[in-house]
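So the chains spell out like this:
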Amino acid sequence: MAKLILSMETTMLKEIPLTKERTTIGRKPHNDIQIDNLAISGEHAVVITILNDSFLEDLGSTNGTFINGQSVKKHFLQNGDVIELGKYRLKYVGEVPQQTSSADFEKTMILRPGAAHQPAPAAPMAPAAAAAPAPAVPAHSATSPGMAAQPPLARPAAAPVLPLGAIQILSGANAGKEMELTKSLTTLGRPGVQVAVIARRPHGYFITHVEGANFPVVNGKALDAQAHPLADHDVVELAGTKMEFFLKN
């Protein structure tokens, strides 16, 4: 399980295991990691953890968020990364090797009137490997005494292939535009207003709230802070825009 190690200068203060999908950092008491220091904004940043991957997003903090000395807004956390918040440090320790690189993090699709967005090129689907023929079992004209006939070996069940997901904008100036969800994580919304992330997992697509006072709405029902599975033709409302999630054949 990944964790954050909070320290100030050379003193380690505590370890925080990343057991939640959303771990908030800030000065206010309701944060999961409260740092009572005026250099830290009330709601400074959030760490989103999905399966073995974690990424950090600055929530519009006054003094900014730095990782390894560089100012960041969104950043995939790699083992050993150091988040710098004023005089405080949060070292990210991932016990499971990261499988997702920064190339798998799609830039936020800005949902605002007139913001043209071209659909992402479809990633070529690798043809499913043909199942290997089962090994032949030699036929015996007679069975030797004491030797039982061996049953044929069972073939392993083929893993189901997840269809490619996509979203289509239903309202606003960009109505009709499509974007294929070819990345492991795709963020949608308007930074500073409302942002959500859609994760492509081996067993389906999930949407998780990242930023904003209001949660995304799916089929007319507001979500909570937990990841929500998306079904074919679900209608998502986010940052004042309606869009449809669907699976491509």
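Placed above this text is the structure.
Please read these numbers as outputs of a predicted model, since none were measured by experiment.

Visitor: Which residues make up the overall build of the protein chain, and what values go with them?
Guide: Tallying secondary structure elements over the protein chain gives 0 helices and 22 strands in all. Looking at the 249 residues of the protein chain, the share that counts as buried comes to 40%. Taking the contacts inside the protein chain whose residues are at least 6 apart along the sequence as the reference set, 44% of them involve residues at least 24 apart. When the accessible surface of the protein chain is split by element, carbon and sulfur atoms take 55% of a total near 14100 Å².

Visitor: So what about the pattern of salt bridges? Which residues, and what values?
Guide: This model, assessed by the stated rule, comprises 7 salt bridges. One salt bridge connects lysine 3 with glutamate 15, and the closest N-O pair in it is separated by 3.2 Å. With lysine 3 in strand β1 (residues 3–8) and glutamate 15 in strand β2 (residues 11–17), this residue pair connects regions lying 12 residues apart in the sequence. Look at glutamate 15 and you get partly exposed, because its relative accessible area is 41%. A salt bridge links glutamate 180 to lysine 248; its shortest N-O distance comes to 2.6 Å. Separated by 68 residues along the polypeptide, glutamate 180 in strand β14 (residues 178–180) and lysine 248 in the segment after β22 (241–247) bring together distant segments of the chain. A cluster of three or more residues bridged by salt bridges with shared partners is formed by Glu178, Glu180 and Lys248.

Visitor: Can you lay out the nonpolar core for me, pointing to particular residues and giving the numbers?
Guide: By size, the foremost hydrophobic cluster in this structure holds 20 residues, and its most contacted members are Leu4, Ile35, Leu56, Ile83 and Leu90. Per-element tally for this core: the top contributor is strand β11 (residues 88–93), with 3 residues. Apart from residues no more than four positions distant in its own chain, leucine 4 is found in contact with Lys14, Glu15, Ile16, Leu18, Ile33, Val47, Ile83, Leu90, Lys91 and Tyr92. Ranked by size, the runner-up nonpolar core spans 19 residues in total, among them Leu188, Val218, Ala239 and Met243.

The rules we used
- Position numbers for residues start from 1 in each chain and track the written sequence from start to end.
- Under the rules for a predicted model, residues below a pLDDT of 70 receive no local features and side-chain atom pairs below 80 are neither given nor counted, while totals for whole chains, interfaces and linings still include all residues.
- For side-chain calculations, the full set of non-hydrogen atoms in the structure is used, while hydrogens and water are omitted.
- A run of H or I in DSSP becomes a helix once it reaches four residues, and a run of E becomes a strand once it reaches two; helices and strands are each numbered from the N terminus.
- Categorising residues by exposure relies on relative accessible area from a 1.4 Å probe, with only protein chains included: less than 20% of the type maximum marks a residue as buried, more than 50% marks it as exposed, and the intermediate range marks it as partly exposed.
- By the convention used here, residues are in contact when the closest approach between their heavy atoms is within 4.5 Å.
- Each accessible area is a Shrake-Rupley result for a 1.4 Å probe, and residues are judged covered by the shown protein chains and nothing else.
- Any Lys or Arg side-chain nitrogen found within 4 Å of a carboxyl oxygen on Asp or Glu counts as a salt bridge.
- Residues grouped as a nonpolar core are buried Ala, Val, Leu, Ile, Met, Phe, Trp, Tyr and Cys residues, joined through side-chain atoms within 4.5 Å.

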